[in-house]
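# Report on the structure
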Amino acid sequence: DGVAQGRGIKCGICTKVLKKIQALAGDNPDEEAVTAALQKGCRTLGRTMGKVCQRLVNKYQEQITEGLQNGDTPRDICTAMGLCKS
């Protein structure tokens with residue numbers, strides 16, 4: 001169905017974006033490292049994905065930062081944000 005498919009696409013994008021950001025932030029990042037990675041990560045994804053990334057970051061920055069600092073997986077963070085099914 002369309003809704004599940006839409007969510008699947010969002011989940012895929014969210015996971016991809018967060019993997020990129022997680023790689024840039026490094027292991028055990030502080031808030032500054034995560035913020036820098038969020039800004040840099042979206043720019044490296046190209047124009048279309050970059051815009052989607054920027055919207056995700058603007059909307060969920062706190063959750064993303066917290067998740068990365070807790071060592072959660074990108075999938076777990078996206079699930080917590082309601083973009084992936086658990």
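Rules used in this analysis
- Residues numbered from 1 in each chain as written.
- Predicted model: local features only at pLDDT ≥ 70, side-chain atom pairs only at ≥ 80, totals over all residues.
- Heavy atoms only, no water.
- Helix = DSSP H or I, 4+ residues; strand = E, 2+ residues; numbered from the N terminus.
- Rg over C-alpha atoms; globule rule 2.2 N^0.38 Å.
- Buried < 20%, exposed > 50% of the residue type's maximum accessible area, 1.4 Å probe, protein only.
- Contact = heavy atoms within 4.5 Å.
- Lys, Arg positive; Asp, Glu negative; His and termini not counted.
- Charge placed at Lys NZ, Arg CZ, Asp CG, Glu CD.
- Axes fitted to C-alpha atoms, helices over the stretch in contact; angles between N-to-C directions.
- Parallel < 35°, antiparallel > 145°, perpendicular 65-115°, else oblique.
- Left-handed = near helix turned anticlockwise from the far one by under 90°.
- Nonpolar A, V, L, I, M, F, W, Y, C, P; charged D, E, K, R; others polar.

Moving on: the overall build of the protein. In terms of helices and strands, the protein carries four helices and zero strands. In the protein, the order of α-helices and β-strands from amino to carboxyl end is α-α-α-α. Here the C-alpha atoms of the protein give a radius of gyration of 12 Å, agreeing with the 12 Å that 2.2 N^0.38 yields for 86 residues. Burial statistics for the protein: of 86 residues in total, 35% are counted as buried. Sequence separation of 24 or more characterises 59% of the internal contacts of the protein that already satisfy a separation of 6 or more. Of the charged side chains in the protein, 13 are positive and 9 negative; the average position of the first set lies 15 Å away from that of the second.

Further remarks concern the side chain of threonine 15. With respect to the element layout, threonine 15 can be found in helix H1 (residues 2-25). On the accessibility criterion, threonine 15 (13% relative accessible area) is buried. Once residues lying within four places of it in the same chain are set aside, the contact partners of threonine 15 are Pro74, Arg75, Cys78 and Cys84.

Here the focus is the packing of helix H2 (residues 31-43) against helix H3 (residues 47-70). Between H2 and H3, the least distance of the axes is 10 Å, while the angle of their chain directions is 160 degrees. The pairing of H2 with H3 is recorded here as roughly antiparallel in orientation. Like other packed secondary-structure pairs, H2 and H3 cross with a definite hand, here right-handed. When H2 is examined against H3, the residues Glu31, Val34, Thr35, Leu38, Gly41 and Cys42 are found in contact with a partner set consisting of Gly50, Cys53, Gln54, Val57, Gln61, Ile64, Thr65, Leu68 and Gln69. Class assignment of the residues belonging to the contact of H2 with H3 gives a composition of seven nonpolar, seven polar and one charged.

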